[in-house]
Amino acid sequence: MQDSFLGRGHPMLKQDQLVNVEDLQVFFHTDDGIVRAVDGVSFDIKKQETLGVLGESGCGKSITARALLNLIPRPRGRIHNGKIFLHQEQGQPLDILSLNPFGKQMGRVRGREISIVFQEPMTSLNPVYTIGQQIMEAVRLHHGLSKKAARDRAAEMLSLVGISSPAESVDKYPHEFSGGMRQRAMIAIALSCSPKLLIADEPTTALDVTIESQILELMQELQDTMNMSIMFITHDLGVIGEIADRVIVMYAGKIVERGTCREIFYEPKHPYTQKLLESRPKVGKEGELSSIRGSVPSPFSLPKGCYFAPSCDHAHDRCHQDPEEIRISEGHWAKCWLYDEGGDNIAAAE
Ligand SMILES: Nc1ncnc2c1ncn2[C@@H]1O[C@H](COP(=O)(O)OP(=O)(O)OP(=O)(O)O)[C@@H](O)[C@H]1O
Ligand SMILES: [Mg+2]
């Protein structure tokens with residue numbers, strides 16, 4: 001382990017890594033008890049890759065994303081443990097969770113280094129400001145541009161995201177845009193400061209299928225132009241298959257499997273991932289996850305050991321202990337005892 005750490009305890013980020021999340025735990029202290037929304041999650045995001053985050057509702061996808069921006073809903077939400085490092089062009093990796101969430105340095109990270117596009121643009125766009133004013137605010141804040149230069153930049157960004165007549169659209173209010181245009185405008189705001197990482201938290205769920213595929217295409221084009229990484233969160237297998245290089249699969253606050261998109265789709269190892277793929281509807285909206293009945297345990301009565309065990313066809317005695325992440329192949333890991341070395345259960349799961 002020694003050589004993977006810098007002198008002051010920062011993990012050494014390999015050149016191709018942009019973000020490094022280490023053992024992140026985010027809990028909510030509610031009247032009914034503690035909700036372990038994110039419970040010991042570790043992953044990295046490499047430069048220029050698209051990392052897909054897949055999982056059913058409530059499994060901790062959005063809270064993980066918010067932690068990357070140090071935006072945990074307070075006071076109930078608390079970072080219980082973990083570190084998030086952002087690799088910078090120069091200097092030491094930035095320890096995001098050590099920064100004051102309301103301070104200047106964190107403000108600079110948001111937008112300039114990491115931006116987020118939320119699921120529902122109408123709740124994220126401010127209805128009383130024009131789309132142009134909202135982009136201008138971001139670029140003036142981060143780049144100190146003059147009013148005129150910021151306005152030009154706003155029009156340029158709207159044109160980049162495929163909005164026609166950008167010079168006129170700058171003066172429009174969010175309600176004058178269609179749903180697809182609003183989502184494009186959100187992407188324009190998020191990209192206006194050329195972030196290194198774009199977090200897209202179910203950005204196309206509210207859109208129809210044609211607009212959705214246009215937006216996905218647009219994000220991929222912009223990724224190439226701007227050399228950025230994308231963390232793409234969704235419960236839609238079809239979208240993940242289209243956009244992601246690597247995928248992490250979350251279940252009840254934990255990562256249960258990680259691998260390349262191909263490995264997750266064609267060689268899923270964790271029984272939960274396997275069930276997800278099986279439960280994919282064959283008709284209607286392709287790829288939308290239907291939840292696995294009875295599979296997600298209540299956050300207030302979690303089973304001992306593997307949370308998926310009560311719904312798992314392969315569960316055995318050992319599943320009463322929390323499984324380790326077991327390496328299937330380079331980069332492909334499953335948090336499941338079936339694959340433990342010397343275990344005789346591998347064949348059963350395949
Ligand atoms: N403000 C909050 N107060 C209490 N619990 C919360 C709060 N926000 C989230 N949670 C809980 O944290 C867990 C993870 O929530 P999160 O929003 O990350 O889920 P998700 O995977 O993004 O789901 P979805 O697909 O529905 O967006 C859930 O159990 C949720 O109920
Ligand atoms: Mg969410």
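Residues numbered from 1 in each chain as written. Chains lettered and ligands numbered in written order. Predicted model: local features only at pLDDT ≥ 70, side-chain atom pairs only at ≥ 80, totals over all residues.

Draft legend 1. Structural view of the overall build of the protein. What the protein contains, in helices and strands, is 12 helices and 12 strands. Looking at the protein as a whole, 43% of its 350 residues are labelled buried. For the protein, restricting intrachain contacts to residue pairs at least 6 apart in sequence, the fraction spanning at least 24 positions comes to 63%. (Helix = DSSP H or I, 4+ residues; strand = E, 2+ residues; numbered from the N terminus. Buried ≥ 20, exposed ≤ 12 C-beta atoms within 10 Å, placed from the backbone. Contact = placed C-beta atoms within 7 Å.)

Draft legend 2. Quick look at the packing of helix α4 (residues 131-143) against helix α5 (residues 147-160). Contact geometry of α4 with α5 gives a least axis separation of 8 Å together with a crossing angle of 115°. The element α4 and its partner α5 pack so that their crossing is right-handed. Every residue of α5 that contacts α4 at G132, I135, M136, V139 and R140 is listed here: A150, R151, R153, A154 and M157. In terms of residue class, the contact of α4 with α5 is made up of 6 nonpolar, 1 polar and 3 charged. (Axes fitted to C-alpha atoms, helices over the stretch in contact; angles between N-to-C directions. Left-handed = near helix turned anticlockwise from the far one by under 90°. Nonpolar A, V, L, I, M, F, W, Y, C, P; charged D, E, K, R; others polar.)

Draft legend 3. Quick look at the packing of α4 against helix α7 (residues 179-191). Running from N to C, α4 and α7 cross one another at 20°; their axes reach a closest spacing of 8 Å. Classified by the angle between their axes, α4 and α7 sit roughly parallel to one another. Both α4 and α7 take part in a crossing whose hand is right-handed. Contacts between α4 and α7 involve I131, Q134, I135 and A138 from the first element and A185, A188 and I189 from the second. Here the contact of α4 with α7 is built from residues that sort into 6 nonpolar, 1 polar and no charged. (Parallel < 35°, antiparallel > 145°, perpendicular 65-115°, else oblique.)

Draft legend 4. Seen up close, the environment of L222. Following the sequence through the fold, L222 ends up in helix α8 (residues 209-226). Sequence separation of L222 and L191 is 31 residues, and the distance between their C-alpha atoms is 8.8 Å. Excluding residues that lie within four positions of it along the chain, L222 makes contacts with L160 and L191.

Draft legend 5. Structural context of the confidence of the model for the protein. On average, the protein scores 86 in pLDDT, and the residues at 70 or more come to 88%. A low-confidence stretch, residues 1-13 stays under pLDDT 50, and its non-local contacts, those more than four residues away or across chains, total 18 contacts. (pLDDT = per-residue confidence, 0-100.)

Draft legend 6. Geometry of the site of ligand 1. Near ligand 1 there are 17 residues, and of these A37, S57, K61, S62 and I63 occur at the shortest range. Of all the secondary structure elements, the ones that give two or more residues to the shell around ligand 1 are β1 (17-30), β2 (33-46) and α1 (61-68). In terms of residue count, α1 provides more of the shell around ligand 1 than any other element does, 3 residues in total. Taken together, the residues that form the shell around ligand 1 break down as 7 nonpolar, 8 polar and 2 charged. (Near = placed C-beta within 6 Å.)

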